[in-house]
Amino acid sequence: MTVTIAPAAPQDVAQLRQLYFDVYGHGYPVALGSDPEEMRRLIADPHTHWLTARHEGAGQLAGSVAVQTDPGSRIGKLVGLAVHPEQRGGGLAGRLTADVCGDAFATGALDSIYATVRVVTPGPQQVFARNGFQALGLLPNAVEVAGCESLALFARHADGVLARRESVDLVPGSLLPLLEAARQSTGVEYGHPRPLDVPALPAGQTAPVTAPMELITARGFVRRRFLELFPDPGERFFPLHVPNAVLTPPDGAFEAYADLDPVAASCSLVAVHPSPAAVTGALEPLMAAVTRAGADYVETLLPLADTAGLCAFLAAGFIPSAVYPAMRRIGDRFHDYVVLSRTSRQIDFRTTAVSGLLQPYLLAYLTAWTSTYLPLPEVAP
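Residues numbered from 1 in each chain as written. Predicted model: local features only at pLDDT ≥ 70, side-chain atom pairs only at ≥ 80, totals over all residues. Heavy atoms only, no water.

(A) Fine view of the nonpolar core. Core analysis: the largest hydrophobic core is formed by 74 residues, its most contacted members being Leu78, Ile113 and Leu286. Considering every element that reaches this core, the biggest residue donor is helix 3 (residues 92–106), with seven residues. Non-local contacts of isoleucine 113, meaning those with residues more than four positions away in its chain, are made with Val67, Gly76, Lys77, Leu78, Cys101, Ala104, Phe105, Phe133, Phe154, Ala155, Arg156 and Tyr324. Membership of the second largest hydrophobic core comes to 45 residues, among which are Leu19, Met39, Trp50 and Ala264. (Core = buried A, V, L, I, M, F, W, Y, C linked by side-chain atoms within 4.5 Å. Buried < 20%, exposed > 50% of the residue type's maximum accessible area, 1.4 Å probe, protein only. Helix = DSSP H or I, 4+ residues; strand = E, 2+ residues; numbered from the N terminus. Contact = heavy atoms within 4.5 Å.)

(B) Quick look at the packing of helix 5 (residues 176–186) against helix 9 (residues 359–373). Orientation of helix 5 relative to helix 9, taken along the N-to-C sense of each, is 175°, at an axis distance of 8 Å. Comparing their axes, helix 9 and helix 5 come out roughly antiparallel. For the pair helix 5 and helix 9, contact is made by Pro177, Leu178, Ala181, Ala182, Gln184, Ser185 and Thr186 and by Pro360, Tyr361, Ala364 and Thr367, respectively. A class-by-class count of the residues in the contact of helix 5 with helix 9 yields seven nonpolar, four polar and no charged. (Axes fitted to C-alpha atoms, helices over the stretch in contact; angles between N-to-C directions. Parallel < 35°, antiparallel > 145°, perpendicular 65-115°, else oblique. Nonpolar A, V, L, I, M, F, W, Y, C, P; charged D, E, K, R; others polar.)

(C) Up close: the state of the cysteines. Taken as a whole and assessed by the stated rule, the structure comprises zero disulfides. Cysteine 148 carries a free sulfur, and the closest cysteine sulfur to it, the one in cysteine 267, is 15 Å from it. (Disulfide = S-S within 2.5 Å.)

(D) Focus on the environment of alanine 282. With respect to the secondary-structure elements, alanine 282 resides in the loop between strand 13 (266–273) and helix 7 (283–292). Among the residues examined, alanine 282 registers a relative accessible area of 1% and is labelled buried. Sequence spacing of alanine 282 and glutamate 299 is 17 residues, and the spatial spacing of their C-alpha atoms is 15 Å. Once residues lying within four places of it in the same chain are set aside, the contact partners of alanine 282 are Val209, Met213 and Phe254.

(E) Seen up close, the side chain of arginine 342. Structurally, the position occupied by arginine 342 is in strand 16 (residues 333–343). Separated by 2.9 Å, the side chains of arginine 342 and glutamate 284 make a polar contact. (Polar contact = N/O pair within 3.5 Å; in protein donor to acceptor, adjacent residues only side chain to side chain.)

(F) Region of the structure containing a nonpolar patch on the surface. There is a patch of nonpolar side chains on the surface, built from Trp369, Tyr373 and Leu374 and spanning about 280 Å² of accessible area. Locating tyrosine 373 in the fold gives a position in helix 9. Residue tyrosine 373 is classed as partly exposed on the basis of its relative accessible area, which comes to 36%. (Patch = residues over 30% accessible without salt bridge, like charges linked within 9 Å, V, L, I, M, F, W, Y side chains within 5 Å. Areas by Shrake-Rupley, 256 points an atom, 1.4 Å probe, with all protein chains shown as cover. Salt bridge = Lys/Arg side-chain N within 4 Å of Asp/Glu carboxyl O.)

(G) View of the pattern of salt bridges. With the rule as written, the count across this model stands at 14 salt bridges. A salt bridge links arginine 118 to glutamate 149; the nearest nitrogen and oxygen atoms lie 2.5 Å apart. One end of the pair, arginine 118, is in strand 5 (residues 112–118); the other, glutamate 149, is in strand 7 (residues 148–157), with 31 residues separating them in the sequence. The exposure class of arginine 118 is partly exposed, given its relative accessible area of 24%. The buried category is assigned to glutamate 149, whose relative accessible area is 7%. One salt bridge in this structure joins arginine 165 and aspartate 336, with 2.8 Å as the shortest N-O distance. With arginine 165 in the loop between strand 7 and strand 8 (170–172) and aspartate 336 in strand 16, this pair connects stretches of sequence that are 171 residues apart. An identical accessibility class is assigned to arginine 165 and aspartate 336; each is buried.

(H) Structural context of the packing of helix 1 (residues 13–24) against helix 2 (residues 36–44). Where helix 1 meets helix 2, the closest approach of the two axes is 10 Å, and the angle between their N-to-C directions is 115°. For the pair helix 1 and helix 2, the crossing hand works out as right-handed. Across the interface between the two elements, Val13, Leu16 and Arg17 of helix 1 pack against Pro36, Met39, Arg40 and Ile43 of helix 2. Broken down by class, the residue content of the contact of helix 1 with helix 2 amounts to five nonpolar, no polar and two charged. (Left-handed = near helix turned anticlockwise from the far one by under 90°.)

(I) Structural view of helix 2. Those residues of helix 2 that sit buried are Met39, Leu42 and Ile43. For helix 2, the buried positions fall inside an angular range of 100° around the axis, keeping them on one side. Turned more than 90 degrees from where helix 2 packs its buried face, Glu37 and Ala44 sit exposed. Of the surrounding secondary structure, the elements contacted by the buried residues of helix 2 are helix 1, strand 2 (48–55) and strand 3 (63–70). Backbone nitrogen of glutamate 37 and a side-chain oxygen of the N-cap are separated by 3.0 Å at the start of helix 2; the cap is aspartate 35. (Arc of directions from axis to C-beta.)

Laid out in structure tokens, this is it:
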């Protein structure tokens, strides 16, 4: 039968919900496939390009995919790729991915598109690799779907973008295995940056912060306060994430803005005022507050060149999980970013289908995790 791929329409919402239910059951944690109001909003959103696939004469949808774009950062995110179980094996997932990415890049408004890919089976990884995406890292325990799952980060760049990257000469030493894994998997070079030791505490701080963290989840207030503290879009770079919570110690020494999603059991730390390094020594109570709010996985995004911020999170047990080359455009040059993550659940890779593209990242993650949480005992000579 002939498959027709067309933009999603408001009248497709009921069938789209049924498609995602048929694929994921009740466990799909994304509003794009479960919340009718949000689905109608996205279909009408000029910054979302949503495609559906339907066999001619068939009553149900065969597939769906969307790219959400952040015009300010020139980055898109591919989300909601789903093919009905009865339609798998015919290349429909690859065709949907090719079409939606081709349309998105054709506008000239995007420098890259990324996706977080399930790794319970190798199929999704192969679909993205065949469509020009490169594996950028592994995010253990990143989401609650039908149980706790790890995800892989993939990205595809527009022509010429990777050739205009800024180099970094100094990075924390614990990032070197990740950068080497990225070179092995993608062929993208990161030069030969010198390693920097990660201090346990910043200068002048003698003990970690132990006071309980205050969590404010008033969405409207958080949004207004966030824009007041970060009026310059360049200071709040975390594409396609909007904070809905703020964490702060009782003395107000810093404010950490987070995109908290208890349904997916995940949290993204979007920005810290006055700087990411301000949370050094306070991330343990911050993690405790986030865990109480229902998130077992926390991630943050920092420039590869931000050694102070990287050191702050590395000293608190965050693991370098992915590196996104040429993620941010400043002028005519592009800057690399690092995803650091931490999970409060036990990590179990036994059900993870790690392809050859992801194998270097798995080894790099295990190396970093071991050196952080299982340091070798000192032996007296």
